[in-house]
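Chain and residue survey
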Amino acid sequence: MATRGKEKIITVLFWLSALVITAILAGIIGYIVVKGISAINWEFISQPPSRAGKEGGISTTIIGTIYLTLVALLIAVPLGVGAALYLEEYGRKNTMFGYVLKLTAETLAGIPSIVYGLFGFVFFVIFLNMGWSILSGGLTLAIMILPTITRTSQEAVIAVPQEYRSNSFALGATKWYTIKRLILPAAAPGIITGIILSAGRAVGESAAVLLTAGSSLGMPLNITDPARTMAVHLYILAIEGISMERAFGTALLIIVLILIINYLANWSVRKVVRQ
Amino acid sequence: MKTKLECKEVKVFYKDFQALHGIDMDIFENRVTALIGPSGCGKSTFLRTINRLNELIEGTRTEGEIYLDEKNIYSNEIDVVALRKKVGMVFQKPSVFPMSIYENIAYGPKIHGIKNKGKLDSIVEKSLVAANLWQEVKDRIHKPAAGLSGGQQQRLVIARVLAVEPEVILMDEPASALDPISTSKLEELIGELKKQYTIVIVTHNMQQAARVSDFTGFFLNGFLIEYSKTNDLFVNPHDKKTEDYITGRFG
Ligand SMILES: Nc1ncnc2c1ncn2[C@@H]1O[C@H](COP(=O)(O)OP(=O)(O)OP(=O)(O)O)[C@@H](O)[C@H]1O
Ligand SMILES: [Mg+2]
């Protein structure tokens with residue numbers, strides 16, 4: 001009887017905490033939707049900002065965000081997945097190098113983004129003379145998300161059953177064939193989860209981007225062009241008191257963009273897993 | 001009776017630990033050779049020396065020679081990929097790859113450069129037929145292999161090995177995860193396969209060794225204690241330790 005009572009209380013507590021979390025989340029999103037929806041129309045999405053964002057839309061910042069995130073992912077994903085594969089499939093296990101790399105990745109993952117921004121500013125923008133640009137920002141974001149991508153890929157690769165490898169090798173497969181045909185497809189869902197998390201961070205990042213890609217409102221075409229992302233735009237709209245309504249409209253579109261990224265990633269996972 | 005594999009002074013070390021102490025053993029073509037012995041005596045280790053799979057375990061060292069059709073598989077000129085094409089292996093736990101039945105079977109042939117769809121189709125069918133699985137799965141070969149029963153999975157794994165057209169098949173306790181019906185199906189299959197292949201099978205089940213094999217080797221603590229025709233070994237063991245083991249006095 002006592003245990004059953006306890007069970008009930010615990011169940012209720014769990015249920016409550018789930019409810020609270022859901023309520024907070026729904027509250028925030030609801031608030032943003034309510035405050036931001038009025039700003040959103042086709043012009044807001046398709047037109048570039050004018051008068052510092054008081055008028056026009058946010059099209060250049062949407063492009064800037066996608067551009068910058070893509071560049072960051074294009075740099076970080078091959079490097080991170082490659083490092084994970086090297087560590088787990090090629091490198092000897094339990095070496096000093098592997099241990100140091102793991103420790104480095106964990107430490108790097110915990111560093112605040114502004115510190116990456118400062119580094120990117122000093123190193124890429126000034127020292128390498130890349131200026132405020134998609135390239136500087138992309139490189140900085142790539143370094144920022146690299147630890148997450150490496151670690152999640154590593155975990156995903158480790159989770160692939162060892163028997164797959166021995167069976168594959170016993171059939172005469174080389175390491176690379178085994179990785180390509182067996183390990184990567186099996187690890188893909190985990191790797192893609194890491195990419196989603198990282199893309200979310202890149203999309204949402206403001207401080208590091210402001211320091212390295214600048215806040216130009218022009219349309220970024222070349223990789224050497226400066227750009228303003230949606231998160232930076234939101235920050236400036238709010239802090240300079242340009243328009244709260246438009247800041248919320250931008251926030252709403254950031255959430256939509258992240259949802260789209262999640263959806264695309266899930267879709268591609270399902271595609272990979274099916275084939 | 002032709003000697004297919006000639007093992008000479010085979011020793012294996014896991015770091016400092018010596019798991020095999022100089023195994024000399026001739027394995028004959030188109031015969032089933034069973035390896036028996038208590039847990040940890042080195043049966044699996046020995047089996048893995050024949051396709052050089054021990055090399056995947058860090059810190060292992062193999063000494064001695066194994067001649068496959070008179071060629072030393074441990075010489076420098078040997079290509080392990082070609083070796084493993086000739087010497088297939090079935091593991092204790094059937095491990096089907098997370099893909100369709102068809103893709104599982106085609107996996108090996110594709111490694112060895114076969115891309116032609118028609119050719120792959122016929123290899124897949126032939127291998128499944130040879131593994132006695134075709135009738136059960138022919139309507140769903142493009143469905144995920146994970147949906148098969150344990151016994152079917154083990155036969156699928158055997159079909160996957162047959163698809164690369166090996167000459168020798170190593171089996172490490174292939175029936176240990178199977179129910180009695182699947183086990184007897186597997187034993188029947190082994191009987192058929194030996195017409196074409198040379199089979200080396202590790203088993204803990206002495207009745208099974210007696211039923212399926214022509215020769216039996218008894219391992220103990222990394223030594224090959226006794227090796228002879230299965231019937232002789234079980235009916236008339238020469239070594240006291242063999243006798244103790246097969247009569248169940250230890251192990
Ligand atoms: N990867 C390894 N690292 C270190 N020692 C190992 C390794 N694999 C096997 N050994 C040791 O080598 C010896 C032989 O092991 P092996 O797996 O060949 O035995 P086995 O006869 O197949 O046993 P079982 O019947 O339980 O499968 C054992 O003492 C085992 O502990
Ligand atoms: Mg074993």
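Residues numbered from 1 in each chain as written. Chains lettered and ligands numbered in written order. Predicted model: local features only at pLDDT ≥ 70, side-chain atom pairs only at ≥ 80, totals over all residues. Heavy atoms only, no water.

Residues and elements named next belong to chain B. Counting buried positions along strand β3 (residues 32–36) yields five of five residues, so the element is predominantly enclosed. Where burial is concerned, the two faces of β3 agree: the one with V32, A34 and I36 and the one with T33 and L35 are both buried. In terms of strand pairing, β3 meets strand β8 (residues 198–202) through four bridges, oriented parallel. Looking at β8, one finds that T33 is bridged to V200. Sheet analysis places β3 next to strand β9 (residues 215–220), joined by four bridges and oriented parallel. The residue bridging A34 from the neighbouring strand is T216, located in β9. (Buried < 20%, exposed > 50% of the residue type's maximum accessible area, 1.4 Å probe, protein only. Helix = DSSP H or I, 4+ residues; strand = E, 2+ residues; numbered from the N terminus. Pairing = 2+ DSSP bridges.)

Residues and elements named next belong to chain B. Under the definition given, this model contains 23 salt bridges over all chains. A salt bridge links D69 to K4, with the shortest nitrogen-to-oxygen separation between them at 3.0 Å. Here D69 is found in the loop between β4 (60–68) and β5 (71–72), whereas its partner K4 is found in strand β1 (residues 3–14), with 65 residues between them in sequence. According to the relative accessible area criterion, D69 is partly exposed, its value standing at 28%. (Salt bridge = Lys/Arg side-chain N within 4 Å of Asp/Glu carboxyl O.)

Pairing between the strands of a sheet is mediated by backbone hydrogen bonds and can be parallel or antiparallel. Residues and elements named next belong to chain B. One open sheet accounts for six strands, arranged β6-β7-β8-β3-β9-β10; its pairing is mixed. Pairing within the sheet leaves two strands with one partner each, and these edge strands are β6 (87–90) and β10 (223–229). Neighbouring strand axes in the sheet, compared pairwise and without regard to direction, differ in orientation by 15 degrees on average. Inspection of the sheet shows strand β7 (residues 168–172) paired to β8 by five bridges, in the parallel sense. Considered in β8, the bridge of V168 is made with T198. Where helix α6 (residues 150–162) meets the sheet, its contacts fall on β6 and β7, and the angle it forms with β6 comes to roughly 170 degrees. In this fold helix α7 (residues 180–193) packs onto β3, β7 and β8, with an angle of close to 150 degrees to the strand it touches most, β8. (Axes fitted to C-alpha atoms, helices over the stretch in contact; angles between N-to-C directions. Contact = heavy atoms within 4.5 Å.)

With that settled, the discussion passes to the site of ligand 1. All names here are of chain B. Around ligand 1, the surrounding shell holds 13 residues, and the nearest of these are S39, K43, S44, T45 and H204. Here C41 contributes a backbone N or O atom positioned 3.2 Å from an oxygen atom of ligand 1. Between ligand 1 and the protein, one listed contact pairs an oxygen atom with a side-chain N or O atom of E173 at 3.4 Å. Contact with the protein chains covers 65% of the free accessible surface of ligand 1, which is 630 Å². Where the shell around ligand 1 is concerned, the elements lending two or more residues are β2 (17–28) and α1 (43–50). (Near = heavy atom within 4 Å. Polar contact = N/O pair within 3.5 Å; in protein donor to acceptor, adjacent residues only side chain to side chain. Areas by Shrake-Rupley, 256 points an atom, 1.4 Å probe, with all protein chains shown as cover.)

Put simply, chain A has an average pLDDT of 90, and 98% of its residues get 70 or more. Ranking the helices and strands of chain A by mean pLDDT puts helix α5 (residues 113–127) of chain A first, with 96, and helix α4 (residues 96–110) of chain A last, with 82. (pLDDT = per-residue confidence, 0-100.)

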